[in-house]
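# Summary of the model geometry
Here is what each chain is made of, one letter per residue.
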Amino acid sequence: MEYLKLNKSRHAVKHFDGSRIATVDVKQIISTALLAPSAHNIQPWLFTIVDTAEKRQLLTDEVEQGNVAQLEEAGSIIVVFSDTAISERSKDIARLMRNEMSSDEFNRYNKIFPDRFSKYSPSYTSDYLALNAGIVTMNLVLAINDMGYKSNVILGFHKTDHVNEALDIPLRYRPEVIITLGRSEEKGEPHLTLPADMMFKIV
C-alpha cells in the first residue's frame, strides 16, 4: 500500500466485533513495527501481547472507565513498554550482536553509550524513552492498518507498577501505551489537520 494512502486511511476505531486476531498476525505486525528508527538504535521497547482472558481482565482494571469496552471487544491488545535500563540494554545489544559488529560498533554499545546514558537525568531519560515509544507506536498502527485491521492508541490508563504486575513484566520496563486492534465495521473519522503552512517554517 502506498504510504500516503496508508496514512490517509488510518483512523482511530474504538469499537470492535470481538473476534480474536491470530497471534501469528500480531507477531507479524510487531515485526514490521520493529523497523522503526530509534535514538542510538537502542530499540528500548518491549511489546506484550495480552492473550489470555485473565490478563485482559487484569489490564482492564488499570484503564479509565471509558476505555474498558474496547479492551473487552478488541481482537488483540498490545502494551508497549520502554526499557528504563538503557545502559544495560546497550550492553545487551553489544553481547547479542557481537558477531555482526565492527570493533568500533562494539565499543560504542558496550562502553561509550552506557557511559553516556548513565549521565542522563531522570527527566531526560523519561523524554528519551517517550520519544522512542512514540516512534514505534506510529509504526505499529500503520502496520496494523496495512494488515487490514483497525486500531486505537490508549494513553488513559494508570501507568504504574500495577500494569507490570498484572502482565508479569519486570519493573525495569515502563508502560507507555496500550494499543487495541481488531476487526470493525467502523471506518473511523478523519481527524482535523491544521493547515500545513502553520506547521513549518523556512529559515
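The structure contained in this document is the topic of the report that follows. Here the structure is a predicted model, which is why all the values come from computation and not from measurement. (Residues numbered from 1 in each chain as written. Predicted model: local features only at pLDDT ≥ 70, side-chain atom pairs only at ≥ 80, totals over all residues. Heavy atoms only, no water.)

## Structural notes on a nonpolar patch on the surface
Applicable threshold: Without a salt bridge and with relative accessible area above 30%, a residue can belong to a patch; like charges are then joined within 9 Å and nonpolar side chains (Val, Leu, Ile, Met, Phe, Trp, Tyr) within 5 Å. Only the protein chains shown count as cover for residues, with accessible areas throughout obtained via the Shrake-Rupley method and a probe of 1.4 Å. Salt bridge, as used here, is a side-chain nitrogen of Lys or Arg placed within 4 Å of a carboxyl oxygen of Asp or Glu. Labels follow the DSSP assignment, with helices taken as runs of H or I lasting at least four residues and strands as runs of E lasting at least two, numbered in each case from the N terminus.
On the surface, Leu194, Met198, Met199, Phe200 and Ile202 cluster together to form a nonpolar patch covering roughly 630 Å² of accessible area. Mapped onto the secondary structure, Leu194 falls in the segment after strand 4 (173-182).

## Quick look at empty space enclosed by the protein
This is how it is decided: With a 1 Å grid laid over protein atoms only, a set of points is called a cavity when a 1.4 Å probe fits there but cannot get out and a pocket when it is open yet has protein on both sides within 12 Å along at least five of seven lines; lining residues have an atom within 4 Å of a point. Grid points are joined across faces, edges and corners, and a volume is the space filled by probe spheres set on the points. Ten residues, namely Ala, Val, Leu, Ile, Met, Phe, Trp, Tyr, Cys and Pro, are considered nonpolar, four, namely Asp, Glu, Lys and Arg, are considered charged, and the remaining ones, Gly among them, are considered polar.
Scanning the model with the defined rule gives 1 cavity of 30 Å³ or more in all. Empty space within the largest cavity amounts to approximately 50 Å³. Broken down by secondary-structure element, the contributors of at least two residues to the lining of the largest cavity are helix 7 (122-146) and strand 3 (150-154). Per-class residue counts for the lining of the largest cavity are 3 nonpolar, 4 polar and 3 charged.

## Regarding the pairing of strand 2 (residues 76-83)
Let me state the cut-off plainly: Think of it in three bands: with a 1.4 Å probe and only protein chains considered, a residue is buried below 20% of the maximum accessible area for its type, exposed above 50%, and partly exposed in between. In this analysis, strands are considered paired if DSSP registers two or more bridges between them.
The element strand 2 is extensively covered by neighbouring structure, given that 8 of its 8 residues are classed as buried. Here strand 2 shows a buried face lined by Ser76, Ile78, Val80 and Ser82 and a second buried face lined by Ile77, Val79, Phe81 and Asp83. Where strand 1 (residues 45-49) meets strand 2, 5 bridges bridge the pair, whose relative direction is antiparallel. Within strand 2, the position partnered with Trp45 by the bridge is Ser82. Relative to strand 4, strand 2 is paired through 8 bridges, and the arrangement is antiparallel.

## So, the layout of surface pockets
A volume near 260 Å³ is recorded for the largest pocket. In terms of lining residues, the largest pocket is bounded by 14 residues, among which Asn41, Gln43, Ile93, Met97 and Met101 are the most central. At the level of elements, helix 5 (86-96) and helix 6 (103-118) are the ones that each hand at least two residues to the lining of the largest pocket. Looking at the lining of the largest pocket element by element, the count peaks at 4 residues for helix 5. Considering only residue class, the lining of the largest pocket consists of 8 nonpolar, 2 polar and 4 charged.

## Brief notes about the environment of Tyr173
Going by this rule: Contact criterion: two residues are considered in contact whenever any of their non-hydrogen atoms come within 4.5 Å of each other.
Of note, Tyr173 is situated in strand 4. Tyr173 sits in the buried class, given a relative accessible area of 15%. Along the backbone, Tyr173 and Asp25 are 148 residues apart, and their C-alpha atoms lie at a distance of 24 Å. Sequence-distant contacts of Tyr173, defined by excluding residues within four places in its chain, comprise Leu46, Phe81, Ser82, Asp83, Arg89 and Asn164.

## Details of the sheet that holds strand 3
Convention followed: Throughout, an axis means a line fitted to C-alpha atoms (over the contacting stretch in the case of helices), and angles, computed between N-to-C directions, take values from 0 to 180 degrees.
Reading across from one edge, 1-2-4-3 is the order of the 4 strands in this open sheet, with antiparallel pairing throughout. Either end of the sheet is taken by a strand with one partner, and the two such strands are strand 1 and strand 3. Each adjacent strand pair in this sheet contributes to an overall mean axis angle of 25°, direction not counted. Where helix 2 (residues 23-33) meets the sheet, it contacts strand 1, strand 2 and strand 4, and its direction lies at approximately 165° from that of strand 1.

## A closer look at the packing of helix 2 against helix 7
Formally: Working rule for angles: under 35 degrees goes down as roughly parallel, over 145 as roughly antiparallel, 65 to 115 as roughly perpendicular, anything else as oblique. Each crossing is labelled by how the near helix is turned from the far one, with a counterclockwise turn of less than a right angle marking it left-handed and a clockwise turn marking it right-handed.
At a minimum axis separation of 8 Å, helix 2 and helix 7 run at an interaxial angle of 135°. With respect to each other, helix 2 and helix 7 are oriented oblique. When you trace helix 2 past helix 7, the crossing you get is right-handed. Contact residues: helix 2 offers Ile29, Ile30, Thr32 and Ala33, while helix 7 offers Val136, Asn139, Leu140, Ala143 and Ile144. A breakdown of the residues in the contact of helix 2 with helix 7 according to their chemical character gives 7 nonpolar, 2 polar and no charged.

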